[in-house]
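# Fold and geometry: a report
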Amino acid sequence: MNFKLTDEQVKRRGEFFAVCRELEKVKPPNWVGIEAMYRGDECWEFHRHCAKEFGKRGWLALAWPAEYGGMGDMMDKVMFSEARGYHGIRGMDVFGVQMLAPTILHAGNEEVKRRFLPPIASAEVMWCELWSEPDAGSDLASLTSTAIKKGNEYVINGQKIWTTGAHRADWGFGVFKTAPEAKKHHNLSFLLMDMKTPGITVRSIPYMTGNPAYNEVFFDDVHVPAENIVGQENGGWAVVNILAGFERSGIDQVMSMVRGVEELVKFCNETKRGGQPLSKDPIIRSRLAQLAIEVEAARTLAYRIADLQNQGEMALMDASAGKVFFSEIGERLAFFATDMLGPYGQVRHSKWAPLSGLWEDMYQECFVTTISMGTNEIQRNIIAWYGLGLPRMK
Ligand SMILES: Cc1cc2nc3c(=O)[nH]c(=O)nc-3n(C[C@H](O)[C@H](O)[C@H](O)COP(=O)(O)OP(=O)(O)OC[C@H]3O[C@@H](n4cnc5c(N)ncnc54)[C@H](O)[C@@H]3O)c2cc1C
């Protein structure tokens, strides 16, 4: 692993942090939590504004080949994510920039690259991921929504579920059955579609935090041009696997935890309970120290994943390991914070809410990343089989 940065990269890292620091100062008041951008129009507009600011600077295309507007490598992208994570600025469409763009670069034909990469780089188009279905999550290949080719189009029917941000997204990428009679894993295609196409209906799933981030999406005879395919017809499973590796990288999550630990340390130093600063409580000290160790280890693992991807590796085992490790630290951190904050930790919209109510929200949201992007049980299966060479379980 080689973490030596060039002078130019060091300078760019400073710029990433400076711009994100300024954006953090003007974030909307209810900008809180993992899915902050879906907390109403003001948050969405702020998210788009940040994304466009980054797009203008070329930062959404950092690790792309120069011919498509790239200006750096995976380490630049990692540093940019660090800055966004630390300052709590999403400002990057994870679906478009983090997942779809590198997948198109690997598996898309030239026309798909020329058509879809520029609006991702400029943040003109925001995306959502249309994969999971009511009866197909972990076992995604058992999905039943169909895309049947008729002339120069696919006609889609079926339903997706848990589609994060479908109500805000301009376009969606999804996987559908294009050869219903063919063998599992050999019957799927990866398609791109305008979310305003007639026949698409998006319905919000009421969620416990009150943040309307997640949706069901229904397809009734939705016509999608055949040229919107990525990869080969019926070869969608290979594209799914490419995208999954990019989906599970996650340094911004790690950096938001670095910031979380820092703020908890400050809170402990400034807050007294029973006449004593919390920072002198031996249990709090010990748990915070343990979390700091884990967060630092997570940061190193995130760098390793980026380094492997920089060398052109898919880093499947490492990405799965990172996904499990980061999400479970996120849970431990949220559990610790709400324990330590006591009853006030359960308050958000109030002057009594400590640390702007962040941990009330995180407590309810922290499990999300243990499920989305493939559950942690599935990641452990991948590590056991692909990483450790243990027999594959059906
Ligand atoms: C908040 C949230 C946001 C999401 N966002 C999106 C999105 O934007 N787009 C999208 O397409 N999907 C999204 N998802 C869906 C997510 O990818 C699925 O929920 C996930 O893959 C699990 O699938 P499932 O819910 O069908 O659970 P199931 O697959 O039914 O799993 C149920 C339980 O069984 C376990 N299990 C299943 N199979 C195995 C096995 N072989 N070995 C061991 N354990 C197993 C699982 O780990 C889990 O604990 C989101 C989910 C959530 C909760």
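Residues numbered from 1 in each chain as written. Predicted model: local features only at pLDDT ≥ 70, side-chain atom pairs only at ≥ 80, totals over all residues. Heavy atoms only, no water.

Here we come to the overall build of the protein chain. In terms of regular secondary structure, the protein chain is built from twelve helices and ten strands. Computed over its C-alpha atoms, the radius of gyration of the protein chain comes to 21 Å, within 12% of the 21 Å expected for a compact globule of 394 residues. Structurally, the protein chain occupies a C-alpha span of about 75 × 50 × 45 Å along its principal axes. When the 394 residues of the protein chain are sorted by exposure, 55% land in the buried category. Counted over contacts in the protein chain with a minimum sequence separation of 6, partners at least 24 positions apart contribute 73%. When the accessible surface of the protein chain is totalled, it reaches about 17,900 Å², and 55% of it is carbon and sulfur. The positive charge centre, built from 44 side chains, and the negative charge centre, built from 49, are 4 Å apart in the protein chain. (Helix = DSSP H or I, 4+ residues; strand = E, 2+ residues; numbered from the N terminus. Rg over C-alpha atoms; globule rule 2.2 N^0.38 Å. Buried < 20%, exposed > 50% of the residue type's maximum accessible area, 1.4 Å probe, protein only. Contact = heavy atoms within 4.5 Å. Areas by Shrake-Rupley, 256 points an atom, 1.4 Å probe, with all protein chains shown as cover. Lys, Arg positive; Asp, Glu negative; His and termini not counted. Charge placed at Lys NZ, Arg CZ, Asp CG, Glu CD.)

Here the focus is the nonpolar core. With 96 residues, the main nonpolar core has Phe54, Trp64, Trp127, Phe173, Phe190, Leu192 and Met340 as its most contacted residues. Per-element tally for this core: the top contributor is helix 8 (residues 282-310), with ten residues. Leaving out residues up to four positions away in the same chain, phenylalanine 190 has contacts with Leu100, Trp131, Phe173, Gly174, Asn228, Ile229, Val230, Gly236, Val239, Val240 and Leu243. Formed by 18 residues, the second largest nonpolar core is a distinct cluster that contains Tyr154, Met193, Ile200 and Ile229. (Core = buried A, V, L, I, M, F, W, Y, C linked by side-chain atoms within 4.5 Å.)

Once that is clear, we can look at helix 1 (residues 7-25). Helix length check: helix 1 (19 residues) gives 28 Å between terminal C-alpha atoms against 27 Å at 1.5 Å per residue, within 8%. Inspection of helix 1 places Gln9, Arg12, Phe16, Phe17, Val19, Cys20, Leu23 and Glu24 among the buried residues, and these make up the whole buried set. One face of helix 1 carries all of its buried residues, which in axial projection span an arc of 165°. Counted as exposed and oriented over 90 degrees from the buried face of helix 1: Asp7, Lys11 and Lys25. (Expected span 1.5 Å × (residues − 1). Arc of directions from axis to C-beta.)

This paragraph deals with the site of the ligand. In the vicinity of the ligand there are 17 residues, among which Ser132, Ser138, Thr164, Thr375 and Glu377 approach most closely. Here an oxygen atom of the ligand and a backbone polar atom of tryptophan 131 are 3.0 Å apart. Here threonine 164 contributes a side-chain N or O atom positioned 2.8 Å from a nitrogen atom of the ligand. Here the ligand loses 66% of its free accessible area of 970 Å² to cover by the protein chains. Listing elements by their share of the shell around the ligand, those giving two or more residues are helix 11 (368-371) and helix 12 (376-387). With three residues, the single largest contributor to the shell around the ligand is helix 12. A class-by-class count of the residues in the shell around the ligand yields seven nonpolar, eight polar and two charged. (Near = heavy atom within 4 Å. Polar contact = N/O pair within 3.5 Å; in protein donor to acceptor, adjacent residues only side chain to side chain. Nonpolar A, V, L, I, M, F, W, Y, C, P; charged D, E, K, R; others polar.)

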